[in-house]
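Structure assessment
This is what each chain is made of:
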Amino acid sequence: MARKMTKEEREAFLAEPRVGVLSVAAEPGRAPLTTPIWYRYEPGGDVLVMTSPGLRKTRLIEAAGRFALCVQQQDGAYKYVSVEGPVVDSWPMTKAERQAMAARYLPPEASAAYTDAMDDAHGNNIAIVMRPERWNTSDFSDVAERLATSR
């Protein structure tokens, strides 16, 4: 069976540069909106996501006042962390903040070029900050090790 991660393990895992999957309650009669998203997290802190104002995702987050984020590792031993909580802050991002987010996911030479190219279309990105309240984790490392040693 998989084991739950410790607080330190889950926070370190979430802090790694992974593409998150954001989920937020949708309109009545619809499934939750679920979409990939870039995010930033430092152990012990809040989760920051970057998006554009006016998008359905943004409107739903504003209406719900909370969202969930899930990240996973599928190469090697399967692991995941999901976290849910209330929105505690939001602001228009500066170009430096947008470039820092891009640098988390793209090589250095590409992050500046990406930010410059996206300025016209997404220069008005906003940060939305979520305070983690509930965590769900699973780590299959022990299972993978037992299978590897039994062969």
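On a predicted model such as this, the values are computed, not experimentally measured, just so you know.

1. Here we look at the overall build of the protein chain
Along the protein chain, the regular secondary structure elements total five helices and eight strands. The order of α-helices and β-strands along the protein chain, N terminus first, is α-β-β-β-β-α-β-β-α-α-β-β-α. The dimensions of the protein chain, computed from C-alpha atoms along their principal axes, are 55 × 45 × 30 Å. Classification of the 151 residues of the protein chain by burial places 37% in the buried group. Within the protein chain, counting contacts between residues at least 6 apart in sequence, those at least 24 apart form 70% of the total. Surface summary for the protein chain: the accessible area is close to 8500 Å², and the carbon and sulfur share equals 55%. Of the side chains in the protein chain, 19 bear a positive and 20 a negative charge, and the two mean positions are spaced by 5 Å.

2. Some words on helix 2 (residues 56–64)
Turning to helix 2, its buried residues are K57, T58, L60 and I61. Summarising the axial view, the buried residues of helix 2 lie within an arc of 165°, below the 170-degree limit, and thus occupy one face. Opposite the buried face of helix 2, at more than 90 degrees from it, the exposed residues are E62 and A63. Those residues of helix 2 that are buried lie in contact with strand 1 (20–24), strand 2 (33–37), strand 4 (47–51), strand 5 (66–73), strand 6 (79–92) and strand 7 (126–130). G65 sits one or two positions beyond helix 2 and adopts a positive phi of about 75°.

3. Digging into the environment of R10
Relative to the elements of secondary structure, R10 occurs in helix 1 (residues 7–15). Sequence spacing of R10 and E42 is 32 residues, and the spatial spacing of their C-alpha atoms is 11 Å.

4. Brief notes about the pattern of salt bridges
The tally for this structure, following the rule as stated, stands at eleven salt bridges. Note that E9 and R3 form a salt bridge whose closest N and O atoms lie 2.9 Å from each other. For E9, a relative accessible area of 31% gives the class partly exposed. A relative accessible area of 28% means that R3 is categorised as partly exposed.

5. As for the packing of aromatic side chains
Tallied over the full model, the rule gives five aromatic pairs. Taken together, a centroid distance of 4.9 Å and an interplanar angle of 10° make the contact between W38 and Y105 stacked. Pair noted here: W38 is in the loop between strand 2 and strand 3 (39–41) and Y105 is in helix 3 (residues 95–105), with a separation of 67 residues, a long-range link. Each member of the pair W38 and Y105 is classed as buried. An aromatic cluster of at least three residues, connected via ring pairs, comprises W38, Y105 and Y114. A cation sits over an aromatic face here: R18 above F13, 3.9 Å from the ring centre. Against the face of Y39 rests R104, its NZ or CZ located 5.0 Å from the ring centre.

6. Brief notes about the nonpolar core
With 30 residues, the main nonpolar core has L14, L22, Y39, V47, V49, F67 and L69 as its most contacted residues. Examining the composition of this core, we find that five residues originate from one element, strand 7, more than from any other.

7. Here we look at helix 1
Looking at helix 1, one finds that the buried residues are R10, E11, F13 and L14. All buried residues of helix 1 lie within an arc of 160° about the axis, which places them on one face of the element. Buried positions along helix 1 lie against strand 3, strand 4, strand 5, strand 6, helix 3 and strand 8 (134–139).

Procedures and definitions
- Residues numbered from 1 in each chain as written.
- Predicted model: local features only at pLDDT ≥ 70, side-chain atom pairs only at ≥ 80, totals over all residues.
- Heavy atoms only, no water.
- Helix = DSSP H or I, 4+ residues; strand = E, 2+ residues; numbered from the N terminus.
- Buried < 20%, exposed > 50% of the residue type's maximum accessible area, 1.4 Å probe, protein only.
- Contact = heavy atoms within 4.5 Å.
- Areas by Shrake-Rupley, 256 points an atom, 1.4 Å probe, with all protein chains shown as cover.
- Lys, Arg positive; Asp, Glu negative; His and termini not counted.
- Charge placed at Lys NZ, Arg CZ, Asp CG, Glu CD.
- Arc of directions from axis to C-beta.
- Salt bridge = Lys/Arg side-chain N within 4 Å of Asp/Glu carboxyl O.
- Phe/Tyr/Trp six-rings, centres within 6.5 Å; stacked < 30°, edge-to-face > 60°.
- Lys NZ or Arg CZ within 6 Å of the ring centre and 35° of its normal.
- Core = buried A, V, L, I, M, F, W, Y, C linked by side-chain atoms within 4.5 Å.

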